[in-house]
Amino acid sequence: MRKTVLFDAEGGPDVLQLVDVEIGEPGPGEVRIDVEAIGLNRAEAMFRAGIYFERPDQFPAKLGYSASGVVERTGPGVTEFAPGDRVSTIAAFSMRDYGVYGEQAIVPASAVLRRPDGLGAAETVALWGPFLTAYGAIVDEGGVRPGDVVLITAASSSVGLAAIDVVNHIGAVPIAATRTAAKRERLLAAGAAHVIVTNEEDITARTLEITGGTGAEFVFDAVAGEGVRGLAAATAKGGTLVVYGALGGRETPFPLWFVPTMRLFNAFDLTRDPKRLRRAEHFIRAGVRAGTFRPRVDRTFDLAEVAESHRYLEANGQFGKVVVTVGG
Ligand SMILES: NC(=O)c1ccc[n+]([C@@H]2O[C@H](COP(=O)([O-])OP(=O)(O)OC[C@H]3O[C@@H](n4cnc5c(N)ncnc54)[C@H](OP(=O)(O)O)[C@@H]3O)[C@@H](O)[C@H]2O)c1
């Protein structure tokens, strides 16, 4: 029996329960992992609350995409991993089928990557998800080039901070947006060339001012909702506005006359495509080796504090990844 986080109904953080369950054997193509750290994603709070793009189809429901740990057992047909391998899981499956919140987790081998040397379990759950998302949207699909200005909303989120690193890594220029002045200095220290505090400054006017009236060549938006009108007006002619999250609302206008290109990004398109995932993995490993990709752990909680960790995530005070550690 292993401690696992399950929930019996959609709702607030208190629906999360830590229970002893029989994990079972890994099936064909699956691996069983002894979990050391779990990285919280906004998607999991949304899945728990019943407002994610898919909802649990049975209860009790599992939760969680991102864990790091050690392979403990492999299922039939798995040749690429062996017990003892230090690995991380990525969002390449449905939480209806798999979840990693617990002492042990079974996941498809296709959703497992080896951990880079020199990074601990907590750091690697802050690495893969955020950097795969940032690379996928900005480099792989976005084609951002050196010298381009990239406006990043919710920049203190784990994906936002990864985006700052990726943009700097390729020689482009990151502008970070945050709602309050509380995180301004930390965003500058994290590599933002400019910070826009959206509760105090007009994001469109400031972006145009910073870019000499041109606008940002690429806008990477986690907020959505009505704010995209201002972001569209801050996008350069010929530029791209990519919406990849819905922190501010799901009903989002499509400001036809302002942006040449506006589209959505979904990391599943990358993580479920072996060729694209392989390129992404190489890019991220290179950034880690170069020391320019710095996964940021904001705060850690124990597994028994999982409900508290979700409350903390949803209070939005974080700067980087909220992590739950297991054992040790
Ligand atoms: N499309 C994909 O494939 C994909 C993949 C990964 C993540 N995502 C999405 O990316 C977003 C970031 O994920 P994460 O897990 O890195 O987030 P996170 O760490 O939970 O980010 C939270 C930060 O976002 C800002 N924020 C929260 N609510 C906001 C609002 N209503 N308006 C403006 N800013 C707000 C806050 O920063 P300030 O207080 O500093 O403003 C907060 O600290 C989420 O929406 C998530 O669903 C999408």
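Keep in mind it's a predicted model, so treat the numbers as computed, not measured.

The rules behind these values
Residues numbered from 1 in each chain as written. Predicted model: local features only at pLDDT ≥ 70, side-chain atom pairs only at ≥ 80, totals over all residues. Heavy atoms only, no water. Near = heavy atom within 4 Å. Polar contact = N/O pair within 3.5 Å; in protein donor to acceptor, adjacent residues only side chain to side chain. Areas by Shrake-Rupley, 256 points an atom, 1.4 Å probe, with all protein chains shown as cover. Nonpolar A, V, L, I, M, F, W, Y, C, P; charged D, E, K, R; others polar. Salt bridge = Lys/Arg side-chain N within 4 Å of Asp/Glu carboxyl O. Buried < 20%, exposed > 50% of the residue type's maximum accessible area, 1.4 Å probe, protein only. Helix = DSSP H or I, 4+ residues; strand = E, 2+ residues; numbered from the N terminus. Pairing = 2+ DSSP bridges. Right-handed = clockwise from strand over helix to strand, strands pointing away. Contact = heavy atoms within 4.5 Å. Arc of directions from axis to C-beta. Lys, Arg positive; Asp, Glu negative; His and termini not counted.

Peer 1: Help me understand the site of the ligand in this model?
Peer 2: Around the ligand sit 24 residues in total, of which Arg42, Ser158, Thr178, Tyr244 and Ala267 are the nearest. Note that an oxygen atom of the ligand is positioned 2.7 Å from one of the backbone N or O atoms of Ala267. In the complex, the protein chains occlude 87% of the 930 Å² of accessible area that the ligand would expose alone. When its residues are assigned to classes, the shell around the ligand shows 10 nonpolar, 11 polar and 3 charged.

Peer 1: Could you clarify how one ought to interpret the pattern of salt bridges in this entry?
Peer 2: Opposite charge on two side chains permits them to pair, given that their charged atoms come into close proximity. In the structure shown here, the tally under the stated rule is 20 salt bridges. Among the ionic pairs, Glu25 bridges to Arg32, the shortest N-O distance being 3.4 Å. Overall, the relative accessible area of 9% leaves Arg32 in the buried class. Of the charged contacts, one joins Arg184 and Glu200 as a salt bridge, the two residues approaching to 4.0 Å between their closest N and O atoms. On the criterion of sequence distance, the pair formed by Arg184 in helix H5 (residues 184–189) and Glu200 in the loop between strand S10 (194–197) and helix H6 (203–210) is long-range, its members being 16 residues apart. The exposure class assigned to Arg184 is partly exposed, which follows from its relative accessible area of 26%.

Peer 1: I'm lost on the pairing of strand S11 (residues 216–221) in this one. Help?
Peer 2: Among the 6 residues of S11, 5 are classified as buried, and the element is accordingly described as predominantly covered. Relative to S11, strand S8 (residues 149–152) runs parallel, the two being bridged by 3 bridges. From the neighbouring strand, Leu151 faces S11, where its bridge partner is Val219. Relative to strand S12 (residues 235–243), S11 runs parallel, the two being bridged by 5 bridges. When the bridges of S12 are listed, Phe218 appears paired with Thr240. Remark: the S11/helix H7 (residues 228–233)/S12 crossover connection has right-handed handedness.

Peer 1: Just to check I follow, could you spell out the environment of Val112 for this structure?
Peer 2: Locating Val112 in the fold gives a position in strand S7 (residues 112–114). Separated by 62 residues in the primary sequence, Val112 and Pro174 place their C-alpha atoms 30 Å from one another. Leaving out residues up to four positions away in the same chain, Val112 has contacts with Val31, Ile33, Phe81, Val87, Ser88 and Val107.

Peer 1: For this particular structure, what's the right way to read H6?
Peer 2: One full turn of an α-helix is made of 3.6 residues, so residues set three or four places apart face in the same direction. Buried residues of H6: Ile203, Thr204 and Thr207, and no others. Along the axis of H6, the buried positions cluster into a sector of 100°, meaning they face one direction only. Next to the buried residues of H6 lie S8, strand S9 (173–178), S10, S11 and H7. Sitting at the amino-terminal end of H6 is Asp202, which places a side-chain oxygen 3.2 Å from the backbone nitrogen of Thr204. Gly212 occupies a position one or two residues after H6 and carries a positive phi of about 65°.

Peer 1: What am I meant to see in the side chain of Asp221 here?
Peer 2: Mapped onto the fold, Asp221 is located in strand S11. Comment: no salt bridge for buried Asp221; closest opposite-charge side chain is Arg179, at 11 Å. There is a polar contact of 3.0 Å between the side chain of Asp221 and the backbone nitrogen of Val223. Those residues within four positions of Asp221 in sequence are excluded, and the remaining contacts are Thr153, Val228, Leu231, Leu241, Val242, Val243, Tyr244 and Gly245.

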